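Listed below, chain by chain, are the residues.
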Amino acid sequence: MTRAAVPGLPSRYPIGALLPALYADDDLAQRFTAGLDTVLAPVLSTLDNLPAYFDPALTPDDFLPWLSSWVGAGIDPSWPEDRRRAAVARAVEIHRRRGTRRGLADHLRLCFGVEADIQDGGGVSWSSEPDSALPPAPTGELLVRIRSDRPLDEARVLAVVRASCPAHLTCRVEITGSPA
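These numbers come from a predicted model, not from an experiment.

Trainee: Help me understand the sheet that holds strand 3 (residues 170-176) in this model?
Mentor: Adjacent strands of a sheet form backbone hydrogen bonds with each other and so pair up, either parallel or antiparallel. One open sheet accounts for three strands, arranged 1-2-3; its pairing is mixed. The open sheet terminates on both sides in strands that have one partner only, identified here as strand 1 (116-120) and strand 3. Averaged over all adjacent pairs, the angle separating strand axes in this sheet is 15°, with direction ignored. Sitting on the sheet, helix 6 (residues 101-112) touches strand 1 and strand 2 (141-147), and the angle it makes with strand 1 is about 150°. Contacts from helix 7 (residues 154-164) reach strand 2 and strand 3 within the one sheet, and its direction differs from that of strand 3 by about 145°.

Trainee: Explain the packing of aromatic side chains here, please?
Mentor: Aromatic rings in a pair are described by how distant their centres are and how their planes are angled relative to each other. Tallying each qualifying case throughout the model produces four aromatic pairs. Ring geometry for Phe54 and Trp70: centres 5.3 Å apart, planes at 25°, overall stacked. In this pair, Phe54 is assigned in the loop between helix 2 (50-53) and helix 3 (64-71) and Trp70 in helix 3, connecting sequence segments 16 residues apart. When its relative accessible area of 36% is taken as the criterion, Phe54 is described as partly exposed. Each member of the aromatic cluster is reached from another via a ring pair, and the members are Tyr53, Phe54, Phe63, Trp66 and Trp70.

Trainee: Explain helix 4 (residues 81-89) here, please?
Mentor: Since there are 3.6 residues in each turn of an α-helix, residues three or four apart along the chain are aligned in direction. Within the span of helix 4, buried status applies to Arg84, Arg85, Ala87 and Val88. Take helix 4 and look down its axis: the buried residues cluster within an arc of 160°, on one side only. The outward face of helix 4, more than 90 degrees from its buried face, is lined by the exposed residues Asp82 and Ala89. At its buried positions, helix 4 is contacted by helix 3, helix 5 (91-96) and helix 6.

Trainee: Help me out: how do you make sense of the pattern of salt bridges in this one?
Mentor: Any two side chains of opposite charge can pair if their charged atoms end up close together. Under the definition given, this model contains 13 salt bridges. A salt bridge links Arg31 to Asp27, with the nearest nitrogen and oxygen atoms 3.0 Å apart. Of the two residues, Arg31 and Asp27 both sit in helix 1 (residues 27-48), four residues apart, roughly one turn of that helix. Overall, Arg31 belongs to the exposed group, its relative accessible area being 53%. Where Arg85 meets Glu81, a salt bridge forms, and the shortest distance between an N and an O atom there is 2.7 Å. Taken together, the positions of Arg85 and Glu81, both in helix 4 and four residues apart, correspond to about one turn of that helix. Looking at Glu81, the relative accessible area reads 36%, which means it is partly exposed. If you follow the salt bridges from partner to partner, you end up with Arg90, Glu93, Arg97, Asp106, Arg109 and Glu115 in one network.

Trainee: When you look at the side chain of Ser11 in this model, what are you seeing that I'm missing?
Mentor: In this fold, Ser11 is placed in the segment before helix 1. Residue Ser11 is classed as buried on the basis of its relative accessible area, which comes to 18%. Separated by 3.1 Å, the side chain of Ser11 and the backbone nitrogen of Tyr13 make a polar contact. In this structure, Ser11 is in contact with Asp37, Ala41 and Leu44, ignoring residues within four places of it in sequence.

Conventions we followed
- Residues numbered from 1 in each chain as written.
- Predicted model: local features only at pLDDT ≥ 70, side-chain atom pairs only at ≥ 80, totals over all residues.
- Heavy atoms only, no water.
- Pairing = 2+ DSSP bridges.
- Helix = DSSP H or I, 4+ residues; strand = E, 2+ residues; numbered from the N terminus.
- Axes fitted to C-alpha atoms, helices over the stretch in contact; angles between N-to-C directions.
- Contact = heavy atoms within 4.5 Å.
- Phe/Tyr/Trp six-rings, centres within 6.5 Å; stacked < 30°, edge-to-face > 60°.
- Buried < 20%, exposed > 50% of the residue type's maximum accessible area, 1.4 Å probe, protein only.
- Arc of directions from axis to C-beta.
- Salt bridge = Lys/Arg side-chain N within 4 Å of Asp/Glu carboxyl O.
- Polar contact = N/O pair within 3.5 Å; in protein donor to acceptor, adjacent residues only side chain to side chain.

Listed below in structure tokens is the structure:
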């Protein structure tokens, strides 16, 4: 879709009508301003509808990748349009939880439509009791187990996991099919 030239798009603000009365009956002035109206009508229409361009549900399909780059959504062009729009709409929420198990699970659900069991090997714990037992030694690995009845590209899943994985952990993904 292009917004550069829209044949027959009328201007909501015709310049000829805004000229002083002296030029209202001047054929040259009216034809000249009509030409300007033709050029400016798509620009004015875009500006009048600008809020819709920033709404992921309403923005034109060709504008969605650019809007995605603003919020760091990292959409995949091969995804269906509704998934790409949802990724842009939820980007801020996903970034807010980035680096957490819940954030990674939400990101995987959004990107691939799957539920993931995530085992974090960071070794963090707390207790309200003094002298509590220490947590076990950290494994240093983030393990993501996904059960899916449809094929998934393991390399793409691993790329999403690595992008969300804390820097001090290694990542491993296990994808299995659901039991028949």
